[in-house]
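A structural walkthrough
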Amino acid sequence: MSDEQVQTGPATQTRRALLAGAGALGAAVVLSACGGDDSDDSAGGGPAPSGGAAATGGAGDSGALASTADVPVGGGLILAAKGVVITQPEAGTFKGFDPICTHQGCPVSNVDGGTINCTCHMSKFSITDGSVKSGPATTPLAAKELKVDGDQITLA
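Residues numbered from 1 in each chain as written. Predicted model: local features only at pLDDT ≥ 70, side-chain atom pairs only at ≥ 80, totals over all residues. Heavy atoms only, no water.

**Notes on the overall build of the chain**
- Per the secondary structure count, the chain includes one helix and eleven strands.
- Listing each helix as α and each strand as β along the chain from the N terminus yields α-β-β-β-β-β-β-β-β-β-β-β.
- Counting the 156 residues in the chain, one finds 31% classified as buried.
- Nonlocal contacts in the chain, meaning residues at least 24 apart in sequence, comprise 38% of its contacts between residues at least 6 apart.
- Of the accessible surface of the chain, which amounts to about 9,000 Å², a share of 55% is contributed by carbon and sulfur atoms. (Helix = DSSP H or I, 4+ residues; strand = E, 2+ residues; numbered from the N terminus. Buried < 20%, exposed > 50% of the residue type's maximum accessible area, 1.4 Å probe, protein only. Contact = heavy atoms within 4.5 Å. Areas by Shrake-Rupley, 256 points an atom, 1.4 Å probe, with all protein chains shown as cover.)

**Some remarks on the state of the cysteines**
- Going through the model one piece at a time under the given rule, you end up with one disulfide.
- Free of any disulfide, Cys101 has its nearest neighbouring cysteine sulfur in Cys118, separated by 3.9 Å. (Disulfide = S-S within 2.5 Å.)

**Some points on unusual backbone geometry**
- The residue Met122 is not glycine, and still its phi comes out positive at about 70°.
- Turning to its location among the elements, Met122 is positioned in the loop between β6 (115-118) and β7 (123-126).

**Digging into the nonpolar core**
- Grouped together as the largest cluster of nonpolar side chains are 13 residues, with contacts concentrated most on Val85, Val108, Val111, Ile116 and Phe125.
- One finds Leu65, Val71, Val84 and Phe94 within the second-largest nonpolar core, a separate group that totals ten residues. (Core = buried A, V, L, I, M, F, W, Y, C linked by side-chain atoms within 4.5 Å.)

**So, the pattern of salt bridges**
- All told, the structure shown has one salt bridge when counted by the stated rule.
- A salt bridge links Lys144 to Asp98, with the nearest nitrogen and oxygen atoms 4.0 Å apart. One end of the pair, Lys144, is in strand β9 (residues 143-144); the other, Asp98, is in the loop between β4 (93-97) and β5 (110-112), and 46 residues separate them in sequence.
- Residue Asp98 is classed as partly exposed on the basis of its relative accessible area of 24%. (Salt bridge = Lys/Arg side-chain N within 4 Å of Asp/Glu carboxyl O.)

**What to know about the side chain of Thr87**
- With respect to the helices and strands, Thr87 occurs in strand β3 (residues 84-90).
- Residue Thr87 is classed as buried on the basis of its relative accessible area of 0%.
- In this structure the side chain of Thr87 is engaged in a polar contact, spanning 2.7 Å, whose partner is the backbone oxygen of Ile127.
- Beyond its immediate sequence surroundings of up to four residues, Thr87 is in contact with Val71, Gly75, Gly76, Thr93, Phe94, Lys95, Phe97, Ile116 and Ile127. (Polar contact = N/O pair within 3.5 Å; in protein donor to acceptor, adjacent residues only side chain to side chain.)

**A look at the sheet that holds strand β10 (residues 146-149)**
- Here we have three strands laid out as an open sheet, ordered β1-β11-β10, and antiparallel in their pairing. Two strands bound the open sheet, and with one partner strand each, they are β1 (66-67) and β10.
- The pairing of β1 with strand β11 (residues 152-155) spans two bridges and is classified as antiparallel. Residue pairing across strands places Ser67 opposite Gln152, the latter belonging to β11. (Pairing = 2+ DSSP bridges.)

**Points about the sheet that holds β7**
- With respect to topology, four strands assemble into an open sheet ordered β5-β6-β7-β8, the strand pairing being antiparallel. The strands lining the two open edges of the sheet, one partner per strand, are β5 and β8 (132-134). On average, each strand axis in the sheet is tilted by 35° relative to the strand beside it, whichever way the strands run. (Axes fitted to C-alpha atoms, helices over the stretch in contact; angles between N-to-C directions.)

**Side note on the confidence of the model for the chain**
- Here the chain averages 73 in pLDDT, while 60% of its residues score no lower than 70.
- No element of the chain has a lower mean pLDDT than helix α1 (residues 10-34), which averages 47, and none a higher one than β7, which averages 96.
- Here residues 5-13 scores under 50 on pLDDT; set against residues more than four positions off or in separate chains, the count is two contacts. (pLDDT = per-residue confidence, 0-100.)

Shown next as structure tokens:
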């Protein structure tokens, strides 16, 4: 058989059908993973941050983002669906930051060891001011103004 000749027949047809079916299945999986629903995402989206807090936004139905008790001292809480990371660098001090890494736009993944971490490319940002602690990111996370009223945290 020369390079210009292509084998056809039942074996080739079966292989083509198998590959086409696998491709369609793969596309369906990717598309279903990208799809979303319009329901309220009270779970905060994304993986639960470490540092002792789950991204539940446990503030109930008050309209608050979170309760102060939800944000561990020296850690933070990622509320991706609400567009904010809340940190508590020291007891009673709450800071807010954009949850999107400034390197290539990945959502940050967790808050641990005094940093807000993006596991896409391993950038780390300070929980105190959002500054870059290690790259490849070179730009800090944008600050978000928070308001603390009693034990409830909201965007200012």
